[in-house]
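Examination of the molecular architecture
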Amino acid sequence: MIVSRRWLEALLGRPLDAREVAEQVTMHAAAVDAVVPLHQDLGDVVIGRVLEVKKHPNADRLSLCRVDAGAVAGPVDVVCGAPNVQAGKTYPYAPVGATLPGGVKLERRKIRGVESNGMLCSAKELGLGVDHAGILELDTTAPPGSRFVDVVPVADHQIVIDVPANRPDLLCHKGVARELAAVLGGTVKLPPIPGAGGAAPAGGDAALGGRRRAPSARGDVPARSAEPGVAAGPSGRVTSGVVDEVEIRLEDPEGAPRYMIAVIRGVKVAPSPAWLTARLSSIGQRPINNVVDATNYILFELNQPLHAFDLAKLNGPAVVVRRAKPGEKIVTLDGLTRTLTPDMTAICDAKRPTIIAGVMGSADSEVSAATTDLVLECAFFQPTRIRRTRRALELSSESSYRFERGIDMLGMPDALRRAIELIIAVAGGELREPPLDLWPEPQQERTIFLRPERVAHLLGVPVEPAEIERRLTSVGFFLAPKDGRLAVQVPGWRPDVTRDVDLIEEVARLKGYDAFPDELRPYRPGTVPDAPEEQARARVREGMVRVGLLEARTIPLGPADGPNSVRILNPLSAEEAHLRRRLLPGLVRRVEHNWASRNRDVRLFEVGTVFRLGAGAPEEWTSLAAVLTGARRPPHWSEGAKLPDMDIWDLKHHFELAVELAAPGCKLEPASGGESGWVAVQRGGEVVGHAGPLEGDAPVWAAPLFGLEVRLAVTGRRPVVYRPLPVQPPVELDVALVLPEGVSALRVAEVLQRAVGPLLERLEVFDEYRGPGIPAGHRSVAWHCTFRDPERTLREAEVNVALARGLAALEDELGVRRREG
Amino acid sequence: MRDLLAALTELRERLQEIPQADQRRLQDLKTEILGRKAGALTQMLGRLPKLDASAKQAVGAAANALKREFEAAFADRERVLKRAAGAVAGLDLSMPGRAVWRGGYHLVTQVVDEICDIFRELGFTRAVGPEAETERYNFFALNFPKDHPALDAQDSFYLGEGLLLRTHTSPVQIRTLERYPPPIRVVIPGQVYRRDPFDASHAPVFEQIEGLAVDEGISFVDFKATLATFARRFFTADTRVRFRPSFFPFTEPSAEMDVQCQMCRGAGCATCKQTGWMEILGSGMVHPAVLENGGVSSERYSGFAWGMGPARIAMTRHGIADIRLLYESDVRFLAQFAGGVR
């Protein structure tokens with residue numbers, strides 16, 4: 001929401017500092033995103049009085065003016081091309097050296113042989129409008145040489161407020177002014193409408209051709225004291241009536257709980273007066289014509305959307321408020337054909353829809369230059385109905401935005417009255433009959449009961465009842481004590497206030513959050529234990545970081561990466577329409593990204609959530625994945641240029657570590673079924689992890705890529721139980737064995753361990769060899785064996801006996817022999 | 001026998017090679033002379049059994065003595081070489097040292113842990129919840145009205161059957177209230193999803209940290225104090241903090257907490273858009289409807305809650321302008337925050 005400082009000043013009857021406004025609004029109501037100065041770049045422009053106008057000696061269309069700019073420039077000659085320049089009048093004058101909007105710096109120069117000292121300016125040249133047919137004539141008594149911005153009130157500030165969804169009252173100047181009055185002091189009064197009710201001309205805006213009068217006594221009448229109807233409109237359960245020969249039928253009171261119509265005849269549609277276009281321009285709204293501008297003005301002043309449409313174009317003439325029929329069509333103002341549904345409320349004439357209620361009108365009922373008689377609608381449309389319509393049609397407007405958030409149903413008569421007054425002031429015409437007010441189920445202000453002690457309890461500091469009353473009253477609540485509580489009447493413009501805690505917030509924010517102390521007080525420890533998932537994730541991360549891997553975070557959205565992947569119904573793109581089932585594909589993309597940046601050595605891991613279709617809700621769990629490629633360790637000059645790249649054995653070690661961290665108790669097995677690498681298998685046989693070589697979009701210089709992924713098991717860790725360190729000496733010896741094809745080192749180790757028994761403390765492979773001396777199809781594998789008896793010193797003879805037992809078993813069971821020689 | 005003794009004498013000559021040998025040569029010499037199969041001395045000793053008794057004794061004694069001499073010489077030389085390897089004299093000490101790969105936590109993980117650790121000192125444990133949530137937990141139990149504009153700011157990815165990817169960590173507030181009795185003090189880190197195109201300042205997925213404290217007598221003062229204390233610990237002890245009104249359906253009163261801009265110390269700069277403040281978190285007193293929806297009496301209990309974005313906090317603190325850097329996983333970026341040299 002953009003508000004204008006000047007507009008606020010008009011409502012508050014006092015000058016304001018834009019920065020101060022921004023600060024106060026931010027600290028007490030809603031965040032101000034920006035303060036944008038308007039027309040502050042006219043500081044070099046002064047008031048110039050034209051003393052004399054002569055024809056330019058060398059050009060028919062130019063005149064030579066003698067301009068008095070007071071102390072800024074004594075009478076100087078200025079060449080002027082405007083047809084409207086007259087001696088004795090005042091205009092904005094930019095002297096030599098002045099900088100104009102857009103950064104143009106004026107220089108003394110000759111025009112058709114005559115020296116021109118500066119420039120008399122048009123509205124367009126000053127950034128004040130589009131009119132450049134003539135120079136801007138000023139109606140001011142300020143002495144020549146006065147600064148233009150001091151004399152003509154064009155300099156303004158836009159204050160951009162980030163209005164939260166619960167505060168529709170801040171979507172208009174009156175609402176913002178109300179908040180400012182509460183914190184700065186003062187009252188809000190609607191400024192009189194120039195030209196209405198015999199207003200007296202006075203300075204200020206008048207200098208731009210507008211009219212302004214001193215603030216009148218008529219002002220911010222609280223809605224609760226207003227009459228429910230503007231005039232003799234029927235109340236009770238009446239849902240139809242006739243106003244000035246137009247039949248009105250409210251057939252959808254659920255969609256439009258309150259509906260008011262005025263008929264104004266004999267208007268003259270034309271451009272708005274300067275003061276009105278200036279107001280709208282100051283908040284970035286494009287002026288259209290006097291009628292539309294008047295309704296927009298009321299929208300931004302009072303937050304009441306209004307719709308004016310052309311009576312001549314209504315069949316009937318009738319206004320029927322009903323649910324749209326299925327498939328009913330309307331061409332909206334933006335020129336598009338919209339198809340309506342019965343979930344939407346339509347304003348129709350006797351034949352067809354003319355307005356999508358609360359959202360947008362039709363092109364053919366629009367007010368045009370030819371319009372003379374107006375139907376002016378002032379309605380409350382049901383917020384959720386408008387929201388659904390807006391979403392279904394993907395069509396948003398200033399009106400729908402406000403109806404969705406809820407407008408002040410009780411303030412409608414005041415808003416309509418002011419709108420009629422404004423339209424008649426700017427476009428003429430007359431109201432022959434009072435407006436019709438269809439309000440089948442009239443409502444009153446909501447009343448909430450507030451216990452004063454509850455305020456102090458929740459806010460943590462004592463708050464006197466007098467302060468509660470003062471704060472709440474300042475923004476329009478009405479309080480009366482009742483049975484030790486306060487009965488608080490909520491004004492119609494505050495749909496967000498529905499229970500006592502909402503009032504407590506009002507007290508707190510108006511007092512100012514900064515006014516509360518912030519010293520820590522004692523607290524009781526909580527009952528919630530740390531989530532074991534978080535502990536497990538932390539443990540796994542630490543383990544991976546320790547072995548030199550960098551943690552990555554990837555986006556869990558992507559293409560389907562296998563069966564049972566979870567689909568997103570409304571994805572941003574087809575490539576991101578599924579939730580990941582695994583982390584590895586995402587990490588491979590990240591490796592490719594690194595390759596593209598010429599990073600050859602990449603070691604990443606991720607601990608993240610993965611998803612799979614389940615019965616009912618998707619299953620989700622945490623996965624650990626890692627990718628490895630490039631040098632095994634950073635190169636060092638002492639070791640030559642090339643260090644070995646990571647290979648499948650580096651992968652295996654990382655996989656063992658990952659399984660130990662993430663899925664303790666699982667066994668590693670070679671992958672089967674055409675897969676290469678390993679799998680991690682749970683006791684029950686379920687595969688919870690895998691590791692192997694990966695394919696990626698690799699440049700020629702890239703090293704082989706490997707990856708692993710393990711499902712994270714959330715298990716408590718049992719503490720490590722200390723095993724006493726050995727005190728007896730070991731006997732160590734190396735054994736080289738010849739293994740026939742198909743016999744695995746693991747199998748050999750198992751047989752050896754079993755046959756030798758507990759004396760064999762440790763077995764460590766230290767070599768593998770194929771070639772001369774070994775039969776074809778066989779290989780030699782060498783183990784370093786450590787024997788130890790924890791109780792006593794082993795003798796070599798005992799070791800030899802035990803080893804012989806093992807070797808016999810190996811030959812027997814696996815055909816493995818000790819290598820000769 | 002004579003030629004054996006001559007051979008031993010000849011072999012003894014080779015002792016002199018040892019003090020000059022480098023590590024590699026030393027290894028070769030050892031194999032040549034004492035090698036288990038082909039070592040010159042080993043083979044000589046192997047021939048002893050074929051000699052007659054007197055020769056066996058003479059040659060055996062000499063050979064064994066020589067073997068001991070060699071062993072001693074090899075050991076001496078090894079000690080010398082080992083010492084030399086540790087010596088620095090004559091080296092160019094500006095040459096680079098030998099590195100190992102260094103791992104590191106993702107910046108967001110670091111910030112999450114840092115934040116949660118500060119709250120741990122203030123009595124908060126870590127809780128979690130699912131990322132695929134029901135609309136009830138994500139919105140309605142949190143007091144979001146149906147069909148209300150407040151839902152617009154939470155543009156969601158829907159999975160069907162009333163499920164969506166959570167748009168904030170706040171659903172875990174309800175889950176925690178349902179499961180544990182007060183007093184409750186938890187922080188809830190986790191990933192959340194918004195239907196925002198991926199650009200420099202938006203990611204469709206990002207990390208959030210929720211906090212919740214519920215007990216008897218918790219007030220607005222406790223709320224302000226806890227979060228202000230956090231801010232002063234996370235940033236600096238003299239960091240100024242301000243609270244201002246805001247709106248969240250699940251808190252009332254609601255507040256936004258700003259801290260003094262860390263770039264300009266409040267003077268106004270491009271980072272803080274000249275305001276001098278940085279928005280850090282949204283927060284407030286737990287709405288009574290939320291307590292009730294979680295099965296907790298709002299008459300007896302009150303509390304406060306907040307949510308913040310560690311990725312955004314990390315970006316402002318570390319001067320990262322584009323959020324996508326956090327997810328690209330360029331190892332040069334990750335390594336900058338791993339505290340490593342490479």
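Because the structure is a prediction, the values reported are computed rather than measured.

1. Remarks on empty space enclosed by the protein
Following the criterion strictly, the structure yields one cavity of 30 Å³ or more and no others. Computed from the structure, the largest cavity encloses a volume of approximately 60 Å³. If you go around the largest cavity, the residues you meet are Ala-29, Pro-164, Asn-166, Arg-167, Glu-505, Glu-506 and Arg-509 of chain A together with Pro-245, Ser-246 and Phe-247 of chain B. Counting residues per element, the lining of the largest cavity draws most heavily on helix H12 (residues 500-511) of chain A, at three residues.

2. Quick notes on the nonpolar core
Among the nonpolar cores identified, the biggest contains 108 residues, and Phe-119 and Leu-326 of chain B are the most heavily contacted of them. Dropping the residues within four chain positions of it, Leu-326 of chain B is found in contact with Arg-553 of chain A together with His-106, Leu-107, Val-108, Ala-311, Met-315, Ile-320 and Phe-333 of chain B. Counting 100 residues, the second-largest nonpolar core is a separate cluster that includes Leu-306, Leu-311, Cys-378 and Leu-393 of chain A.

3. Things to note about the sheet that holds strand E4 (residues 63-69) of chain A
The pairing of strands in a sheet happens through backbone hydrogen bonds and is either parallel or antiparallel. Residues and elements named next belong to chain A. The strand order across the open sheet formed by five strands is E5-E4-E3-E6-E9, and the pairing between neighbours is antiparallel. What marks the edges here is a single partner per strand, and that holds for strand E5 (73-80) and strand E9 (119-120). Sheet topology note: the strand E3 (residues 46-55)/E4 ladder contains six bridges and is antiparallel. Along E4, the bridge assignment pairs Val-50 with Val-67.

4. Some remarks on the domain arrangement of chain B
As far as domains go, chain B holds domain 1 (2-86) and domain 2 (107-336). Inter-centroid distance (C-alpha atoms) of domain 1 of chain B to domain 2 of chain B is 77 Å.

5. Examining the sheet that holds strand E24 (residues 446-450) of chain A
Residues and elements named next belong to chain A. Taken in spatial order, the three strands of this open sheet run E24-E26-E25, and their pairing is antiparallel. The open sheet is flanked by E24 and strand E25 (478-482), the only strands paired with a single partner. Recorded for the sheet is a direction-independent mean angle of 25° between the axes of neighbouring strands. In the sheet, E25 pairs with strand E26 (residues 485-490) via five bridges, with the strands oriented antiparallel. If you follow Lys-482 over to E26, its bridge partner there is Arg-485. The sheet strands contacting H12 are E24 and E26, and the helix crosses E24 at an angle near 80°.

6. Side note on unusual backbone geometry
All names here are of chain B. Pro-183 follows Pro-182 through a cis peptide bond whose omega is 0°. Within the fold, Pro-183 resides in the loop between helix H7 (171-179) and strand E5 (184-193). The omega angle of the peptide bond from Glu-252 to Pro-253 is -10°, so this bond is cis rather than trans. Here Pro-253 shows up in strand E8 (residues 251-260).

7. Observations regarding the interface of chain B and chain A
Taken together, the 99 residues of chain B in the interface contact 96 residues of chain A. At the surface where chain B touches chain A, the tally comes to eleven salt bridges. The interface formed by chain B and chain A contains 47 residue pairs in polar contact (both at pLDDT 80 or more). Per element, the largest residue contribution to the side of chain B that touches chain A is nine residues, and it comes from helix H8 (residues 220-234) of chain B. Per-class residue counts for the side of chain B that touches chain A are 50 nonpolar, 22 polar and 27 charged.

Parameters at a glance
- Residues numbered from 1 in each chain as written.
- Chains lettered and ligands numbered in written order.
- Predicted model: local features only at pLDDT ≥ 70, side-chain atom pairs only at ≥ 80, totals over all residues.
- Heavy atoms only, no water.
- 1 Å grid on protein atoms, 1.4 Å probe; cavity = no way out; pocket = protein on both sides within 12 Å on 5 of 7 lines; lining within 4 Å.
- Points joined across faces, edges and corners; volume = space filled by probe spheres on them.
- Helix = DSSP H or I, 4+ residues; strand = E, 2+ residues; numbered from the N terminus.
- Core = buried A, V, L, I, M, F, W, Y, C linked by side-chain atoms within 4.5 Å.
- Buried < 20%, exposed > 50% of the residue type's maximum accessible area, 1.4 Å probe, protein only.
- Contact = heavy atoms within 4.5 Å.
- Pairing = 2+ DSSP bridges.
- Domains from an automatic or database assignment.
- Axes fitted to C-alpha atoms, helices over the stretch in contact; angles between N-to-C directions.
- Salt bridge = Lys/Arg side-chain N within 4 Å of Asp/Glu carboxyl O.
- Polar contact = N/O pair within 3.5 Å; in protein donor to acceptor, adjacent residues only side chain to side chain.
- Nonpolar A, V, L, I, M, F, W, Y, C, P; charged D, E, K, R; others polar.

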